[in-house]
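Given next are the chains, with one letter for each unit.
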Amino acid sequence: MARAAGSVQDARPPERSSMSVRVRFAPSPTGHVHIGNIRAAILNWLFARHEGGQFLLRVEDTDRERSTPEAVQTLLAAMQWLELEPDEEPVYQSTRRPRHDAAVAAMIERGLASRITPDGPAVLHMTSALFDPSFVTESRHPVEIDVSQAETAISAPGVAVTTRGAGREAVTERLNWDALTDLEIATADAATHSGAALRARAGESREPVALESLLGSRPVSLRFRRRFVHYDDLVLGRLEKPLDSIRDLVIARADGSPVFHLANCVDDHEMGVTHVLRGNDHVENTYRHLFIYRAMGVTPPQFGHFPMILNDRGRPYSKRDGDAYVGDFQARGILPDCLFNFLALCGWSPGDDREVMSKAEMIEAFTLDRVVKSGAQLNMKKLLWMNQRYIAAMPPEKLQAALRGELRRAGRDPDAVDPAWFAFLAEQMRPRLRTLAEFPVETACFFDEDVTIDDKARRKVLLANGGAGLDVLRRVREPLAAAGDWTVASLETAITAFLEASGLEIGQVAQPLRVAVTGRAASPGIHETLFLVGRERTLRRIAEALRSE
RNA sequence: GACCCCAUCGUCCAGAGGCCUAGGACAUCGGCCUUUCACGCCGGUAACACGGGUUCGAAUCCCGUUGGGGUCGCCA
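Just so it is clear, the model here is predicted, and its values are computed rather than measured.

Calculation rules
Residues numbered from 1 in each chain as written. Chains lettered and ligands numbered in written order. Predicted model: local features only at pLDDT ≥ 70, side-chain atom pairs only at ≥ 80, totals over all residues. Heavy atoms only, no water. Buried < 20%, exposed > 50% of the residue type's maximum accessible area, 1.4 Å probe, protein only. Helix = DSSP H or I, 4+ residues; strand = E, 2+ residues; numbered from the N terminus. Pairing = 2+ DSSP bridges. Right-handed = clockwise from strand over helix to strand, strands pointing away. Axes fitted to C-alpha atoms, helices over the stretch in contact; angles between N-to-C directions. Parallel < 35°, antiparallel > 145°, perpendicular 65-115°, else oblique. Contact = heavy atoms within 4.5 Å. pLDDT = per-residue confidence, 0-100. Near = heavy atom within 4 Å. Polar contact = N/O pair within 3.5 Å; in protein donor to acceptor, adjacent residues only side chain to side chain. Nonpolar A, V, L, I, M, F, W, Y, C, P; charged D, E, K, R; others polar. Arc of directions from axis to C-beta. Salt bridge = Lys/Arg side-chain N within 4 Å of Asp/Glu carboxyl O. Left-handed = near helix turned anticlockwise from the far one by under 90°. Expected span 1.5 Å × (residues − 1).

## Thoughts on the pairing of strand E17 (residues 275-279)
Consideration 1: A large share of E17 lies buried, amounting to five of its five residues.
Consideration 2: Pairing of E17 with strand E18 (residues 302-306), which is carried by five bridges, proceeds in the parallel orientation. Each residue of the ladder has a partner; that of Leu-277, found in E18, is Gly-304.
Consideration 3: Handedness of the crossover joining E17 and E18 through helix H7 (residues 283-296) is recorded here as right-handed.

## What about the packing of helix H16 (residues 455-481) against helix H18 (residues 506-518)?
Consideration 1: The contact between H16 and H18 brings their axes to 8 Å, and the two run at 95°. When the interaxial angle is binned, H16 and H18 end up roughly perpendicular. Together, Ala-457, Arg-458, Val-461, Leu-462, Gly-469, Val-472, Leu-473, Val-476 and Leu-480 of H16 and Gln-508, Val-509, Gln-511, Pro-512, Leu-513, Val-515 and Ala-516 of H18 make up the contact between the two elements.

## Looking at the confidence of the model for chain A
Consideration 1: Averaged over every residue, the pLDDT of chain A is 87; residues scoring 70 or more account for 87%.
Consideration 2: Residue range residues 1-17 is modelled with pLDDT below 50. Its contacts to residues more than four positions away, or to other chains, number 30 contacts.
Consideration 3: Across residues 150-160, where pLDDT falls below 50, the model places 27 contacts with residues more than four positions away in sequence or in other chains.
Consideration 4: Across the predicted assembly, pTM comes out at 0.90 and ipTM at 0.95.

## Looking at the protein's contact with RNA strand B
Consideration 1: In the vicinity of RNA strand B lie 55 residues, with Arg-253, Arg-315, Pro-431, Arg-432 and Arg-514 positioned nearest.
Consideration 2: At the protein interface, 72% of the atoms of RNA strand B within 4 Å belong to sugar or phosphate.
Consideration 3: One nitrogen or oxygen atom from the side chain of Arg-370 is found 3.3 Å from a phosphate oxygen belonging to RNA strand B.
Consideration 4: Elements with a minimum of two residues in the surface near RNA strand B: strand E15 (237-242), helix H6 (260-270), H7, strand E20 (376-377), helix H11 (380-393) and H18.
Consideration 5: The greatest single-element share of the surface near RNA strand B, amounting to five residues, is contributed by H18.
Consideration 6: The residue makeup of the surface near RNA strand B, split by class, is 21 nonpolar, 18 polar and 16 charged.

## So, the sheet that holds strand E16 (residues 249-252)
Consideration 1: Pairing is antiparallel in the open sheet, where three strands are placed in the order E4-E5-E16. Taken across any chain shown, the strands that pair with only one partner, and hence form the sheet edges, are strand E4 (113-115) and E16. Each strand axis lies, on average, 40° off the axis of its neighbour in the sheet, ignoring direction.
Consideration 2: Sheet topology note: the strand E5 (residues 122-124)/E16 ladder contains three bridges and is antiparallel. Looking at the pairing, Leu-124 lines up with Leu-249 of E16.

## Observations concerning helix H13 (residues 419-429)
Consideration 1: Every buried residue of H13 is accounted for by Trp-421, Phe-422, Leu-425, Ala-426, Gln-428 and Met-429. Buried residues of H13, seen end-on, are gathered within an arc of 165° and therefore sit on one face of the element. Turned more than 90 degrees from where H13 packs its buried face, Pro-419 and Ala-420 sit exposed.
Consideration 2: The elements touched by buried residues of H13 are helix H12 (396-409), helix H14 (438-442), helix H15 (444-447), helix H19 (526-533) and helix H20 (535-547).

## Overview of the side chain of Thr-529
Consideration 1: With respect to the helices and strands, Thr-529 occurs in helix H19.
Consideration 2: The residues contacting Thr-529, other than those within four sequence positions of it, are Phe-446, Arg-514, Val-517, Thr-518, Ser-523 and Pro-524.

## Digging into the side chain of Arg-227
Consideration 1: Following the sequence through the fold, Arg-227 ends up in strand E14 (residues 219-233).
Consideration 2: At a separation of 3.0 Å, a polar atom in the side chain of Arg-227 contacts the side chain of Glu-138.
Consideration 3: If sequence neighbours within four positions are ignored, Arg-227 has contacts with Phe-131, Val-136, Thr-137, Glu-138, Asp-178, Ala-179, Leu-180, Thr-181, Lys-241, Pro-242 and Leu-243.

## A few points about the pattern of salt bridges
Consideration 1: With the rule as written, the count across this model stands at 30 salt bridges.
Consideration 2: Residue Asp-87 is joined to Arg-49 by a salt bridge in which the shortest nitrogen-to-oxygen separation is 2.9 Å. With Asp-87 in the loop between helix H2 (69-81) and strand E3 (91-92) and Arg-49 in helix H1 (residues 35-51), the pair connects residues that are 38 residues apart, well separated along the chain.
Consideration 3: Taking relative accessible area as the criterion, Asp-87 reaches 37% and is therefore assigned partly exposed.
Consideration 4: Glu-442 is the salt-bridge partner of Arg-520, the closest N and O atoms lying 2.9 Å from each other. Linking Arg-520 in the loop between H18 and H19 with Glu-442 in helix H14, this pair joins segments that are 78 residues apart in sequence.
Consideration 5: By relative accessible area, Arg-520 is classed as partly exposed at 29%.
Consideration 6: In this structure Glu-442 comes out as partly exposed when scored by relative accessible area, which is 29%.

## Focus on the packing of H16 against helix H17 (residues 488-502)
Consideration 1: At a minimum axis separation of 9 Å, H16 and H17 run at an interaxial angle of 140°. Classified by the angle their axes make, H16 and H17 are oblique. Between H16 and H17 the crossing geometry is right-handed. Judged by residue contacts, Arg-475, Val-476, Pro-479 and Leu-480 of H16 engage Leu-491, Ala-494, Ile-495, Phe-498 and Ser-502 from H17.
Consideration 2: Its residues assigned to classes, the contact of H16 with H17 comprises seven nonpolar, one polar and one charged.

## Topic: H11
Given 3.6 residues per turn, any residue in an α-helix points the same way as the ones three and four places further on.
Consideration 1: The terminal C-alpha atoms of H11 lie 20 Å apart, and with 14 residues this matches the ideal 20 Å at 1.5 Å per residue to within 8%.
Consideration 2: Among the residues of H11, those classed as buried are Leu-383, Leu-384, Met-386, Asn-387, Tyr-390 and Ile-391. Each buried residue of H11 sits inside an arc of 165° when the element is viewed along its axis, so together they form one side. The outward face of H11, more than 90 degrees from its buried face, is lined by the exposed residues Lys-381 and Ala-393.
Consideration 3: Against the buried residues of H11 lie helix H8 (326-331), helix H9 (336-344) and H12.

This is how it looks when you write it as structure tokens:
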């Protein structure tokens, strides 16, 4: 992949056996993986799979402070959890320093970049040597600025020409002569000066120059055509920006280390990346990167930018928002497939009404032209709803395994209970769970020896109406104790018989039982609940509820 | 501030000039089911930011305004 330094003209794209798509996810490991970031990985992955291409990972670990081995592990773990395994070995940017240095050296050697001062940073110059018709064009119509009328300082939109001192003195602020074309300046004495002449007189200076001092007369009007940088964004469409608003670019720091832009372009090129798909915050960078690729003498990849993810107030995510890291969702018991699905749908849709989709379906439907342009606010309630749907669809064994994990995390031993009993409990809880993490707290009454009765439930169900609930408990206790093998069926039989004998309604009996036995007003069906709590604990809890009256 | 981008129910998305009396999902409200809580089912409320054009016809195209976001580092 190494290439000798040479002129811009002789360079060409890297040799690739096929034109197959290669995309990459290029995060810098910070110890946390933000969902906006992992969403970028998801969309890249989806695109690669849809196109039958490769999904690569480049760890941008050049920041030694933050990029600890642990931070890298966190990143890899998050990707594994979501099944976003890259198709090739991860590339660690820190190992690529020699290539970056070589690229900088080559640009300097070609005269495209230079160090302004010997111990200063290396700067890529935005000169016409870098302008390629494939991404730099000239505006058709000239811009005309009347300087003489200016009372105070004026600044033409986007043009780095400013008149100061009540219009007396026109100053070019770091004027990039190459950003403008066909520059003509008319002066008070009616003479007209061309940009080329002035440029020569200014000695190609990139420092502020007073036009007046070059002209020897006060400028009256400026006339020029602007140059534009442009490219076709895969999701945003045709984008352009006046060149005069883009300044020379630092590519290597004074200490010689490459800056992000340089390293990014060099690595993407040498990894054979064909499509750079990243967040919206990089669109402005893209214009600069185009020049870096040009300076490298290579064809740039294609670019696509998807919208940013916003917090629930509709504002950009910041560290203060919290709960926006992949690990947080995992800890809350969001299923990986669900988070994947949800995040994929954040800024993209298949074009029809499908929402809960398998990865295969998403891959099949994924195209960049269906990526939305505007920012997407996360709808956490919808995430919970979707997670509930995923839980509902889990195979029983998988559900049980996942719930066992939650139990362990909560400090309980899921292996201490009867597997059949646990399987039954899992199925009873399935429709009642929005997240896996809810399981241990919702089912504590089935695992603990004793239960604490919720005050509100006690008042409403047991103590109301002169203690009618307690009265029911007193009367149902014996028939229950007599229930034979304590199965759901036998409990149903016993309770039904009690209802007939007592003339009570099921509701009058079930709620007091539920509260006494679970401590709360909500649980699975009463027969199922009693079965799960078991004979011994059921009778004991009823007795306790009566005693603490 | 300059430049660039974006703009449909509270939120996410559908809509690529007539199929729109604007559709779906979450949330919300009401009802059904039901021993509770959920699940499930049925129904309701709710949006084309504003103003000009273009057109026989505009949520869809153009211009402006407003609002939001992004970028302006020897951070990534």
